[in-house]
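# Fold and contact review
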Amino acid sequence: MNWQKQLHIWIILGLVLGLGYGILSAAMGWGEFTQNWISPFGDIFLNALFMIAVPLVLGSIITGVSSLSDTRKLARIGGKTIAIYIGTTVFALIIGLVLVNIVRPGDTVPEDVRTELQAEWSDMAEERQESAASAEERGPLQAFVDMVPRNIAAAASNNRNMLQVVLIAVLFGIALLLIPKEKAQPLLGLFESLTATVIKLVEIIMWIAPLGVFALLADTVSLISGDNLSELWRLLGALGFYMLVVLAGLVLQVVITYGSLIKFFTPMGIKKFIMGIAPAQLVAFSTSSSGATLPVTMDRVENKLGVGEEVSSFVLPLGATINMDGTALYQAVAAVFIAQTLGIALGFMDQIEIILLAVLASIGTAAVPSAGIIMLIIILQSVGVPAAGIALILGVDRILDMCRTVCNVTGDATVATLVASSEGQIET
Ligand code: ASP
């Protein structure tokens, strides 16, 4: 059996065993052992993926952009990509808002549970509020200022700065397109070689994916529940309804929005799409980071879905940084849920404001674990809901982060497939 072909089965095995082990570890009080001897394998896997994310974005966007025949083509593909990204995010937000307004999960949280959760998570909520405050104190154009780095090396030194790296790469790609071919060739050759090497590295790193996923899952379960399994069940019981609404929204976004885009606007079969992208979804689930998953997404979309490099090398890194449908959906549901729990009524206009803010917030959210909650605070403050309310949902945030990241990554792959088929750059 070619094990690379069966990769997703191995990763699922790692995931299920990691979940089982995490529960066992919590039940037996093995928290310390798990932290010392199991979790590091998850960190190694995660670090290895992050390690190659910056060179991959740089190499692939530069080669992708400079291989386009002219800048008009770049503008066409870029414009199309950004418009579809925003369109799918708005769809996700509508799904989330409709669900949370119909089901109203906030109405079912008993008063005592609410007080308890707020007391228990208030310290962490304050920490997050401080990070959000520094993000909010900036002027309206600050986001654009932040996109342009002063120093290339500094931009490349932090995975949270991926948008800056994307901009550097696009600019370099355009400049390479505009200079004479013989001058461009040496640098282009270097980046082509860098990209090929990094793609090979992805394959190598994926050898340890099942182990990495096992350790990440075990670590997450053990961190959420500590050495007390009843804590996990209590949280799931109290916030189960809210979680179900977020999960149902994510499933609807994947099945309805992405499913119909693939079925009706691309020549690809749904089965091929799912089988092709599954390992990336599983890595997204266990790492909670679309940035860390990007190398795997690129590998699968190019090699298994047959999307041409010209499209994937530009659309996917951009998507990992700015397209977060799952995050936007979660932010909308969470904002309304918190308002419902605290007894604050949000009118139609408030909800429209949530849509606008969440589209922007999902663009500005870094592709790393838990980034979505910081932007959620800014949304809450804008619609007049006390930001301390995030204490209500922090306990289960990691679980939802895992799920929304799967949706984010699936959305990027869907749009890459869609753009590639509209450009006639897909092998079927
Ligand atoms: N973890 C998410 C991602 O990387 C972002 C978030 O919603 O926190 O896609």
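Everything in this summary refers to the structure shown in the same document. (Residues numbered from 1 in each chain as written. Predicted model: local features only at pLDDT ≥ 70, side-chain atom pairs only at ≥ 80, totals over all residues. Heavy atoms only, no water.)

## Here we look at the side chain of Q425
Position of Q425 among the secondary structure elements: in the segment after α18 (397-422). Given a relative accessible area of 18%, Q425 falls into the buried group. Of note is the side chain of Q425, whose polar atom sits 3.0 Å from the side chain of E310. Residue contacts for Q425: discarding those within four places in its chain leaves K73, G306, V307, G308, E310, V311 and A420. (Helix = DSSP H or I, 4+ residues; strand = E, 2+ residues; numbered from the N terminus. Buried < 20%, exposed > 50% of the residue type's maximum accessible area, 1.4 Å probe, protein only. Polar contact = N/O pair within 3.5 Å; in protein donor to acceptor, adjacent residues only side chain to side chain. Contact = heavy atoms within 4.5 Å.)

## Comments concerning the environment of G237
By the secondary structure assignment, G237 is in helix α11 (residues 229-265). Through-space distance from the C-alpha of G237 to that of V109 is 10.0 Å; in sequence the pair is 128 residues apart.

## Here we look at the pattern of salt bridges
What the rule picks out here adds up to seven salt bridges. Of the charged contacts in the structure, one is a salt bridge between K73 and E310, with a shortest N-O distance of 2.8 Å. Separated by 237 residues along the polypeptide, K73 in helix α3 (residues 71-103) and E310 in helix α14 (residues 309-322) bring together distant segments of the chain. Look at E310 and you get buried, because its relative accessible area is 18%. Two residues, D401 and R404, come together in a salt bridge whose shortest N-O distance is 3.4 Å. With a gap of three residues between them, D401 and R404 both fall in helix α18, about one helical turn apart. When salt bridges that share partners are traced, they join R76, K80 and E423 into one network. (Salt bridge = Lys/Arg side-chain N within 4 Å of Asp/Glu carboxyl O.)

## Thoughts on the state of the cysteines
Under the defined criterion, the tally for this structure stands at zero disulfides. For C403, which is in no disulfide, the shortest distance to another cysteine sulfur is to C407 and amounts to 10.0 Å. According to the relative accessible area criterion, C407 is buried, its value standing at 2%. (Disulfide = S-S within 2.5 Å.)

## With respect to the packing of helix α12 (residues 270-287) against α18
Contact geometry for α12 and α18: axes closest at 8 Å, N-to-C directions at 145°. Once α12 is placed against α18, the crossing between them reads as right-handed. Contacts from F273, I277, A280, Q281, A284, F285, S286 and T287 in α12 reach R398, M402, C403, T405, V406, V409, T410, A413, T414 and T417 in α18. Considered class by class, the residues forming the contact of α12 with α18 number 10 nonpolar, seven polar and one charged. (Axes fitted to C-alpha atoms, helices over the stretch in contact; angles between N-to-C directions. Left-handed = near helix turned anticlockwise from the far one by under 90°. Nonpolar A, V, L, I, M, F, W, Y, C, P; charged D, E, K, R; others polar.)

## So, the packing of aromatic side chains
Summed over all chains, the structure comprises three aromatic pairs. Plain terms: the ring middles of Y21 and W30 are 6.0 Å apart, the flat faces sit at 35° to each other, and that makes the pair tilted. Ring geometry for Y21 against F214: centres 5.9 Å apart, planes inclined by 50°, an arrangement best described as tilted. Here Y21, found in helix α1 (residues 7-28), pairs with F214, found in helix α10 (residues 209-225); they are 193 residues apart in sequence, far enough to count as distant. F214 carries the same exposure label as Y21, and that label is buried. One residue, R404, lies across the ring of Y330, its end atom 3.9 Å from the ring centre. (Phe/Tyr/Trp six-rings, centres within 6.5 Å; stacked < 30°, edge-to-face > 60°. Lys NZ or Arg CZ within 6 Å of the ring centre and 35° of its normal.)

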